[in-house]
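If you want the building blocks of each chain, they are given just below.
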Amino acid sequence: MRSQTISQDPLNRSRGEIVLEVTFAILVCLASVLGNVLVVYVINRYSEMQTITNIFIHNLALTDVLMATLSMPFWITSLYTGKWNLGQEWCEFSASAQQTMGLASLLNLGLIALNRYIKVVKRALYTKFFSSKRVAWLYSGFVWLVSLLLATPPLYGWGKMNFDSDSFICVFNWRNENVSFLILHAGVFNVTTCAIIYSYWKIYRTVKESTDNVNANVVQNGVGAQRFHRTDIDVLKSCFTVVCFFLITWGPMGLVCFIITVGGYIPHKVLMVSVYLLFSSSVVNPIIYGITNPQFKQAFKKAFSCSRFGNEDEDQSHARVTAIMIHPRSTET
């Protein structure tokens, strides 16, 4: 039975391997939909949640929902059968949708980082660049427009999209001669990655300098110093988490595409893992940007328990400082 199963699979996988791969992919898909739908729901449900920063988080969550519903099902089906089961037109649609959602997610992450950077590091410029919710929605729409323009050129002849039997997804053919298309996407990825890392590093440095100044002025019993030291640690953890998970989920695929383009060889298992990590970013995003946000925690409690928005017993001083530095929101309109 085992040999028969192996001979029927294009990649000679055993039934156990197929079940394991498909099961994990389904869990990633379901977790992506559940987590991001919850984030979208609480933002739409409560007016208190409809802030400028949360508009960007809403856009990111919507992107991940679309990734899980428009792209991951094709991936799961191909994982099960070991081949592409639809025509070339659907392959190109799947690749275009996946590329659009991936770029939109990446640019949304960069936009959130920029928003937090200006909010914390360049506070005097915040109202200039993020003056209203309407401007935030325009930024979000611009992200979708740029993503669509960057993802669809292969449909018009600039590059080709094919099913890749190693990753089980339809993707741009990085091995062809369209180096200019690769340079364009590599530039977008590298610039956005550097911007995200730089923004969170500067946020941490700014908070560190601020807390050091506060601590230097504490001459009483040291309670204030301990409190702001705790805030400093919280901000460091948040920034470190954001950057690390971004590099873990996005970095391998970026490296894989580069190696393939220059003619290198990528083992099947390595390519598979990079795809799983990339799709897993849709699971991680709502956790980092939504569920761990103090305001979202209160909104989730209200949604599930019908309790009043907010928590009277929370340490208001620490919560406000941490929220402004990690999840800027309370002073927005």
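Residues numbered from 1 in each chain as written. Predicted model: local features only at pLDDT ≥ 70, side-chain atom pairs only at ≥ 80, totals over all residues. Heavy atoms only, no water.

Within an unreviewed UniProt entry, the label attached to the chain reads G-protein coupled receptors family 1 profile domain-containing protein, and the organism entered is Pocillopora meandrina. What UniProt states about the chain under its Sequence similarities (unreviewed entry) heading is, verbatim, "Belongs to the G-protein coupled receptor 1 family." A UniProt comment under Subcellular location (unreviewed entry) is attached to the chain, and it reads "Membrane". (UniProt positions renumbered as here; feature names shortened; annotations may be inferred.)

A few words now on the state of the cysteines. By definition, a disulfide is the covalent link that joins the sulfur atoms of two cysteine residues. Under the definition given, this model contains one disulfide. What pairs with cysteine 91 in a disulfide is cysteine 170, and their sulfur atoms sit 2.0 Å apart. Taking the sign of the S-S torsion, about -120° here, the bridge from cysteine 91 to cysteine 170 comes out left-handed. Residue cysteine 91 is found in helix 5 (residues 88–120), and its partner cysteine 170 is found in strand 2 (residues 169–172); the two are separated by 79 residues along the sequence. (Disulfide = S-S within 2.5 Å. Helix = DSSP H or I, 4+ residues; strand = E, 2+ residues; numbered from the N terminus.)

Tallied over the entire structure, the rule returns two cavities of 30 Å³ or more. Within this model, the largest cavity holds a volume of roughly 70 Å³. Lining the largest cavity, in full, are Leu109, Val242, Phe245, Phe246, Thr249, Trp250, Ser281, Val284, Asn285, Ile288 and Tyr289. Of all the elements in the fold, those that place two or more residues in the lining of the largest cavity are helix 9 (223–261) and helix 10 (268–291). When grouped by side-chain class, the residues that make up the lining of the largest cavity number eight nonpolar, three polar and no charged. (1 Å grid on protein atoms, 1.4 Å probe; cavity = no way out; pocket = protein on both sides within 12 Å on 5 of 7 lines; lining within 4 Å. Points joined across faces, edges and corners; volume = space filled by probe spheres on them. Nonpolar A, V, L, I, M, F, W, Y, C, P; charged D, E, K, R; others polar.)

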